[in-house]
Amino acid sequence: METARREGWAIAEKAGGTPYTLVSFHAHPDDEALLTAGTLARAAAQGHRVVLVVATAGEAGLAATTSFGSRGLAGRRMAELRASAAVLGCARVELLGYGDSGMDAERDRADNPFAFADVDEAAARLAELLREERADVLTTYDAAGGYGHPDHRQVHNVGARAAELAGTPVVLEATVDRDVLCRALRVVRRLRHIPADFDPVRFATAYSPRSTLTHRVDVRRYAMHKRAAMAAHASQASADSLPRTLGIFLRLPRLMFRTVFGREWFIERGRAPMSRLLDDIFATLREDTA
Ligand SMILES: [Zn+2]
């Protein structure tokens, strides 16, 4: 939170109630910033313990073929992840140690690629950490794996199994309300400086429709934390290759950024979709103790 304090946008929240432990599981460094950063910052500011886990170091990401090489890029991306975690107030960052499968997931391209890992074996690694942390909530991804990256779909499967093994009571699948996403992307495309090859149409089947969601978390107060978390992943924002999505988001004017990224969506496993979405990721735990 040092940066946050220096920048003057650290937020004092009333702790109130039981402090919970939230483990947020992601495929690659920078995924935490896009899908869950506001929720993590809000939970940390409210006094909950927040732990960040990535399956891979993201060594197949942008810039892998340019100046760093995949090994150099892995180190750089983990450092960026730690910087992002510090901004968000995370207490711990862990790497499961799988290889980044890349978007086309060729089995031989990475060392022990996560997308091809045995689900039970990977889940056992994550479950060990969940037990050690006595995690109350685990965040994963929706069944589509967001926009369909094979490592993201694997986060969904491995996360669900790990929570079963460790008895973690609440699993929240991070996603985006597809209707909102498509609307936002149409606006983004109208802005200047957007590459012509940035095609919102590919998001039309990504993430999850509104009718399947359980949570819409208001993180507008944490928009600047989220922006700083994204900015921490500079190797992915500035690389001179596609899709540069992060760079596009960071060029949004601050007020528009707050509007576009001020909400985060989740599907709680085992909870029926709701017409009125929940704002509190700990709602089930509070209901159980009430
Ligand atoms: Zn990813």
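Here the structure is shown first, and the text comes after it.
Conventions used here
- Residues numbered from 1 in each chain as written.
- Predicted model: local features only at pLDDT ≥ 70, side-chain atom pairs only at ≥ 80, totals over all residues.
- Heavy atoms only, no water.
- Helix = DSSP H or I, 4+ residues; strand = E, 2+ residues; numbered from the N terminus.
- Buried < 20%, exposed > 50% of the residue type's maximum accessible area, 1.4 Å probe, protein only.
- Pairing = 2+ DSSP bridges.
- Axes fitted to C-alpha atoms, helices over the stretch in contact; angles between N-to-C directions.
- Contact = heavy atoms within 4.5 Å.
- Donors = N, O, S within 2.8 Å, 3.2 Å for Na, K, Ca; no water.
- Tetrahedral: all angles 85-135°; square planar, octahedral: opposite > 155°, others 65-115°.

Help me understand the environment of F116 in this model?
Inspection of the secondary structure puts F116 in the loop between strand 3 (92-98) and helix 5 (119-133). For F116, a relative accessible area of 31% gives the class partly exposed. Sequence-wise, F116 and D151 are 35 residues apart; in three dimensions their C-alpha atoms are separated by 8.6 Å.

Whenever I open this one, the sheet that holds strand 7 (residues 263-268) confuses me. Can you help?
What links the strands of a sheet is backbone hydrogen bonding, and the strands pair in either a parallel or an antiparallel sense. Ordered by their spatial adjacency, seven strands build an open sheet running 3-2-1-4-5-7-6, and the pairing between neighbours is mixed. With one partner strand each, in any of the chains shown, strand 3 and strand 6 (215-218) form the two edges of the open sheet. The average undirected angle you get between the axes of adjacent strands in this sheet is 30 degrees. Packing of helix 6 (residues 150-166) onto the sheet brings it into contact with strand 1 (21-26), strand 2 (49-56), strand 4 (137-141) and strand 5 (170-175), and relative to strand 4 it is tilted by some 150 degrees.

Got a minute to help me understand the coordination of the zinc ion in this structure?
For the zinc ion, every protein donor is listed as H28 (ND1), D31 (OD), D31 (OD) and H152 (NE2), and the spread of their distances is 2.1 to 2.4 Å. Coordination at the zinc ion is irregular, judged from the four donor atoms that bind it and the angles of 57 to 142 degrees they form at the metal. Read in sequence order, the donor residues coordinating the zinc ion give the pattern H-x2-D-x120-H. Of this pair, H28 sits in the loop between strand 1 and helix 2 (31-35) while H152 sits in helix 6, and the two are 124 residues apart along the sequence. The pair formed by H28 and H152 is uniform in burial state, with each residue classed as buried.

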